[in-house]
Amino acid sequence: LNRSSVVEVDWVGDRVRRRQPLPPSRGAVKTSSYLGSGLGLAEAAAYKAAGVLAWRFYGGEVQILMGIDKVGGSRLNFLGGIRDRTDVDAAYTAVREFFEESGSMMTEEMKSQMLAEFRQSPSVSSREPPKFPVGESPGVPAVPSKKKGKGVNRVMWFAMSQYAMFFYEWPYFDLTPAFNRKPRGEMEELMWVPMRLLLDSPTDVLLHGRNLPLRGFSIDVLRDEKMRKALVKIGNKARSSEEEKKSNLLRRQANKPQPIVKQL
């Protein structure tokens, strides 16, 4: 059987979609999930879908950007989707799907920065990706990433669904208010969900007086032990970083020369 001629039907995020012909295999695909700085060559060739887990530290806690699907009973889901035939790698699929599901509100600079960060691994394609359409949002310059080197864990491979989830600390403006005033794309609403709620109850969360069930795929992601450990680690590092910033600020204020007041 010629692998390149196979067309499959598969489930991702409780939705069925026909897949394009599979790419040539590059060895055995991992049958267990893992967290790393990039995908292995086999997983990079065989992935079926990809997405972005965007997070921020706000109000003293880590929050994760999620969307409420318009189909399937209005359930919370991570932003991501099926690999397209023209996608050159998993990083491109993740950014494209995130762009589409967040209402095309990212600027070209924002998308380029996100893509560049995801591609800092030896397994990525060297082919130049096609240009994204211009987004509808204020021009916000990209913030240079401080996450460099092979030791940074930036992607989670979910073997059961062959899904690549990229982690991204959101450094820009909050896009949810503008999106929710005029929803577009596949999501009817975007929201920042406290990570502690997702870890405490991976099936549904109570937020702003609303009980919000999660999609089956998102439940599987949050029940994965390696994913839970990765999220806890993100939370610990974010709190530590915030405490260090406050400590440095207090130190600078304490070392600041005080004005001399002449006594008459």
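Analysis parameters
- Residues numbered from 1 in each chain as written.
- Predicted model: local features only at pLDDT ≥ 70, side-chain atom pairs only at ≥ 80, totals over all residues.
- Heavy atoms only, no water.
- Helix = DSSP H or I, 4+ residues; strand = E, 2+ residues; numbered from the N terminus.
- Buried < 20%, exposed > 50% of the residue type's maximum accessible area, 1.4 Å probe, protein only.
- Contact = heavy atoms within 4.5 Å.
- Areas by Shrake-Rupley, 256 points an atom, 1.4 Å probe, with all protein chains shown as cover.
- Expected span 1.5 Å × (residues − 1).
- Polar contact = N/O pair within 3.5 Å; in protein donor to acceptor, adjacent residues only side chain to side chain.
- pLDDT = per-residue confidence, 0-100.
- Salt bridge = Lys/Arg side-chain N within 4 Å of Asp/Glu carboxyl O.
- Axes fitted to C-alpha atoms, helices over the stretch in contact; angles between N-to-C directions.
- Parallel < 35°, antiparallel > 145°, perpendicular 65-115°, else oblique.
- Left-handed = near helix turned anticlockwise from the far one by under 90°.
- Nonpolar A, V, L, I, M, F, W, Y, C, P; charged D, E, K, R; others polar.
- Phe/Tyr/Trp six-rings, centres within 6.5 Å; stacked < 30°, edge-to-face > 60°.
- Lys NZ or Arg CZ within 6 Å of the ring centre and 35° of its normal.

> Is there a simple way to think about the overall build of the protein chain in this case?
Secondary structure summary: the protein chain contains 7 helices and 12 strands in total. Evaluated residue by residue, the protein chain yields a buried proportion of 47% over its 264 residues. A sequence separation of at least 24 residues applies to 68% of the contacts in the protein chain between residues at least 6 apart. Total accessible area on the protein chain stands at roughly 14300 Å², and carbon and sulfur atoms take up 53% of it.

> Teacher, can you tell me more about helix 7 (residues 225-255) here?
Since one α-helical turn is 3.6 residues long, residues separated by three or four positions face the same way. Here helix 7 contains 31 residues, and its C-alpha end-to-end distance of 45 Å stays within 8% of the 45 Å for a straight helix at 1.5 Å per residue. Where helix 7 is concerned, the buried positions are Met 227, Ala 230, Leu 231, Ile 234, Gly 235 and Ala 238. N-capping of helix 7 is provided by Asp 224, with a side-chain oxygen placed 3.0 Å from the backbone N of Lys 226.

> Where do I start with unusual backbone geometry in this structure?
Comment: phi is negative for the bulk of residues other than glycine, and the bulk of peptide bonds are trans. One non-glycine residue, Gln 162, lies in positive phi territory at about 50°. Mapped onto the elements, Gln 162 comes out in the loop between strand 8 (155-158) and strand 9 (163-169). For Gln 162, a relative accessible area of 18% corresponds to the buried category. The phi torsion at His 208 lies on the positive side, around 55°, for a residue other than glycine. Relative to the elements of secondary structure, His 208 occurs in the loop between strand 11 (204-207) and strand 12 (210-213).

> Would you mind showing me how to read the confidence of the model for the protein chain here?
Interpreting fine coordinate detail is not advised for predicted regions of low pLDDT. Looking at the protein chain as a whole, the pLDDT averages 78, with 75% of positions reaching at least 70. Contacts of residues 1-19 to residues separated by more than four positions or lying in other chains number 48 contacts, the stretch itself having pLDDT below 50. The model gives residues 122-151 a pLDDT under 50, and that stretch makes 64 contacts with residues more than four places away or in other chains.

> Even after reading the chapter, I still don't get the pattern of salt bridges, so can you show me in this structure?
Opposite charge on two side chains lets them pair, provided their charged atoms get close. Summed over the entire model, instances satisfying the criterion amount to 10 salt bridges. Among the charged side chains, a network of salt bridges with common partners joins Asp 84, Asp 87, Arg 96, Glu 97 and Glu 100.

> Which parts of the structure should I look at to understand the packing of helix 2 (residues 90-101) against helix 3 (residues 108-118)?
Working note: a packed helix pair is described by the angle between its axes plus the distance between those axes. One can describe the packing of helix 2 onto helix 3 by two numbers: an axis separation of 9 Å at closest approach and a directional angle of 150°. Taken together, the axis directions place helix 2 and helix 3 in an arrangement best described as roughly antiparallel. Crossing of helix 2 against helix 3: the hand is right-handed. Residues Ala 91, Tyr 92, Val 95, Phe 98 and Phe 99 of helix 2 touch helix 3, and the partners they reach there are Lys 111, Met 114, Leu 115 and Phe 118. When the residues that make up the contact of helix 2 with helix 3 are grouped by side-chain class, the tally is 8 nonpolar, no polar and 1 charged.

> How should I be thinking about the packing of aromatic side chains in this particular structure?
Aromatic ring pairs are defined here through the distance separating the ring centres and the angle between the ring planes. Considering all chains together, one arrives at 6 aromatic pairs under this definition. Geometrically, the ring pair formed by Phe 98 and Trp 170 is tilted, given 5.8 Å between the ring centres and 45° between the ring planes. In this pair, Phe 98 sits in helix 2 while Trp 170 sits in the loop between strand 9 and helix 4 (176-181), placing the two residues 72 residues apart along the sequence. Both residues of the pair, Phe 98 and Trp 170, belong to the buried class. Ring plane angle 45° and centroid distance 4.4 Å describe the contact between Tyr 163 and Phe 217, whose orientation is recorded as tilted. Of this pair, Tyr 163 sits in strand 9 while Phe 217 sits in helix 6 (residues 216-223); the two residues are 54 residues apart in sequence, bridging distant segments of the chain. Judged by its relative accessible area of 2%, Tyr 163 falls in the buried class. In this structure an aromatic cluster arises from ring pairing among Phe 98, Phe 118, Phe 166, Tyr 168, Trp 170 and Tyr 172. The residue whose ring lies beneath Arg 56 is Tyr 58, and the NZ or CZ to ring-centre distance is 4.2 Å. Above the plane of the ring of Phe 99 lies Lys 111, whose end atom (NZ or CZ) is 3.8 Å from the centre.

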